[in-house]
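Here's the letter readout for the chains.
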Amino acid sequence: MRYSFLTLAREALSGHRGWRPLWRDAAPRGRYEVVIVGAGGHGLATAYYLARNHGITDVAVLEKGWLGGGNTARNTTIVRSNYLWDESAALYEHSLKLWEGLAEELDFNLMFSQRGVLNLAHNLHDVREGRRRVEANRRNGIDAEWLGPAEVKKLCPPIDVSPTARYPVLGATLQRRGGVARHDAVAWGYARAADARGVDIVENCEVTGFRIEAGRVRGVETTRGYIAANRVGLVAAGHSSVLAALAGFRLPIQSHPLQALVSEPLKPVLPCVVMSNAVHVYVSQSDKGELVIGAGIDAYNSYAQRGAFHVIESQMGALLELFPTFSRLKMMRSWGGIVDVCPDASPIIGKTPIENLFINCGWGTGGFKATPGSGWVFAHLLATGEPHPLAAPFALERFSTGVLVDEHGAAAVAH
Amino acid sequence: MLLIPCPFCGPRDEVEFRYGGEAGIVRPKDPDALSDAEWADYLYMRHNPKGRLEERWFHVHGCRRWFTIARSTATHEIERE
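To start, this report covers the structure provided alongside it.

Each value, and the rule that gives it
Residues numbered from 1 in each chain as written. Chains lettered and ligands numbered in written order. Predicted model: local features only at pLDDT ≥ 70, side-chain atom pairs only at ≥ 80, totals over all residues. Heavy atoms only, no water. Salt bridge = Lys/Arg side-chain N within 4 Å of Asp/Glu carboxyl O. Helix = DSSP H or I, 4+ residues; strand = E, 2+ residues; numbered from the N terminus. Buried < 20%, exposed > 50% of the residue type's maximum accessible area, 1.4 Å probe, protein only. Core = buried A, V, L, I, M, F, W, Y, C linked by side-chain atoms within 4.5 Å. 1 Å grid on protein atoms, 1.4 Å probe; cavity = no way out; pocket = protein on both sides within 12 Å on 5 of 7 lines; lining within 4 Å. Points joined across faces, edges and corners; volume = space filled by probe spheres on them. Nonpolar A, V, L, I, M, F, W, Y, C, P; charged D, E, K, R; others polar.

### Focus on the pattern of salt bridges
Residue and element names in this part refer to chain A.
Here comes step 1: This structure, assessed with the given rule, holds 27 salt bridges over all chains.
Here comes step 2: Of the charged contacts, one joins R2 and D107 as a salt bridge, the two residues approaching to 3.5 Å between their closest N and O atoms. Of this pair, R2 sits in the segment before α1 (5-13) while D107 sits in the loop between α3 (86-106) and β4 (117-121), and the two are 105 residues apart along the sequence.
Here comes step 3: With relative accessibility at 13%, the residue D107 sits in the buried group.
Here comes step 4: Here D58 makes a salt bridge to R29, at a shortest N to O gap of 2.7 Å. Residue D58 is found in the loop between α2 (41-54) and β2 (59-62), and its partner R29 is found in the loop between α1 and β1 (31-37); the two are separated by 29 residues along the sequence.
Here comes step 5: Its relative accessible area of 30% is what places D58 among the partly exposed residues.

Structure, rendered in structure tokens:
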């Protein structure tokens, strides 16, 4: 079903009884050309681009829970591409360009809003890092600006830029093309588009093992039976190490809780996304009016999808440092997702020690923004067996060769 | 917040500690004898299990000593000896 003013008007007049599910509740078949493990945004985008770019529709996306119920539903929806290093900039900018046409392409309202992303600087080092990143971004064709404190205040009035603040705002980088998108809609939009092209999306189907013969993957054991596949792609975010262990290899990944929370709804008060390294908080306002607030990871390894209160406490301290006016705001909900953190804070997209088993993981705290680009390059890998040029620097081998893409501290956010 | 049993100071709040990750990672005696892959395996590769994990903690705001505990990464439960 295409969405249009006409279908909306027709459904409004007929009591909204004509809407259909967005994707089929597919039962798994015994064999597929490609099996993708994980029906979050990245896995669904991979399936969609496999069909759209490579004409491969004999594809199943297996999901142990429900579609888009992991980190896709738990992130703070920020989209930007202002990364320092060339490799990251190319990958995230490719993703941002896809975002810019995605709602139209998927015929799905992603509520993509390019309201601008501010990365604040609070000390001399932040200022130098920010100005350097602005120049690096521009040389990579990414829009970036440096703002002084007065310009920051003009763009985002509720920020306290007084020089007597404990962490004074000395300036900020601004990416005007950055912004936010509706996280659930991204998964639903990709799911509907992939399903329409013949991809089977199989929920409540957990992978429990791999059938591997002579170093080559033949299929996956699941809670809904064995499924043979020529190629298997793992897109399981926080649970990537668990799947790798089932296949008999290790990853340089640590799984941590990352918490976020939302406030009660307010009238429009925050016109852009604000991120800050030094006091460590990032915040935007949803279309419902809630402030969406995220911070850093909990220190310990965990798969429990919850974190400790002291992390939220310091996150709230940081928020009030920047926005004293929010001090009487009530918080509505908090939650945690399990993020797969890599030593260099860059993703792993590539081959594994098992032939025809490919992995896309390690996006850590910043995977949402990369959803379209990640799916695009991983589909290329699954279709051709060789990495897309944009993904080549992010192979697992970089940990042996030492050619890391070290975005820790460089990626405009602390990890 | 975790209540962590420091073997020297007793149970203390998590905020007094720094996390040290997976325990039992031994630095190779002769790094020069390793291949790049073996060195990467020591340096970067981790088990990251869902379930029981033996891990290092540093009581930075207490006795400033390192110790190992076993904790479940699925439930956060810490094993008592």
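### Some thoughts on the nonpolar core
Residues and elements named next belong to chain A.
Here comes step 1: Counting 51 residues, the largest nonpolar core has I36, L44, Y49, L50, W99 and Y190 as its most contacted members.
Here comes step 2: Of all the secondary structure elements, the ones that give two or more residues to this core are β1, α2, β2, α3, α6 (183-196) and α9 (371-384).
Here comes step 3: Residues V220, A247, I348 and I359 belong to the second largest nonpolar core, which totals 33 residues.

### Some remarks on empty space enclosed by the protein
Gaps left between atoms show up when a probe the size of a water molecule is rolled over them.
All names here are of chain A.
Here comes step 1: By the definition in use, this model includes three cavities of 30 Å³ or more.
Here comes step 2: Lining the largest cavity are 12 residues; nearest its centre among them are N119, L120, E129, R133 and N277.
Here comes step 3: Those elements giving two or more residues to the lining of the largest cavity turn out to be β4, α4 (124-139) and β13 (273-276).
Here comes step 4: When residues in the lining of the largest cavity are grouped by element, the largest group, four residues, is from α4.
Here comes step 5: Here the lining of the largest cavity is built from residues that sort into five nonpolar, four polar and three charged.

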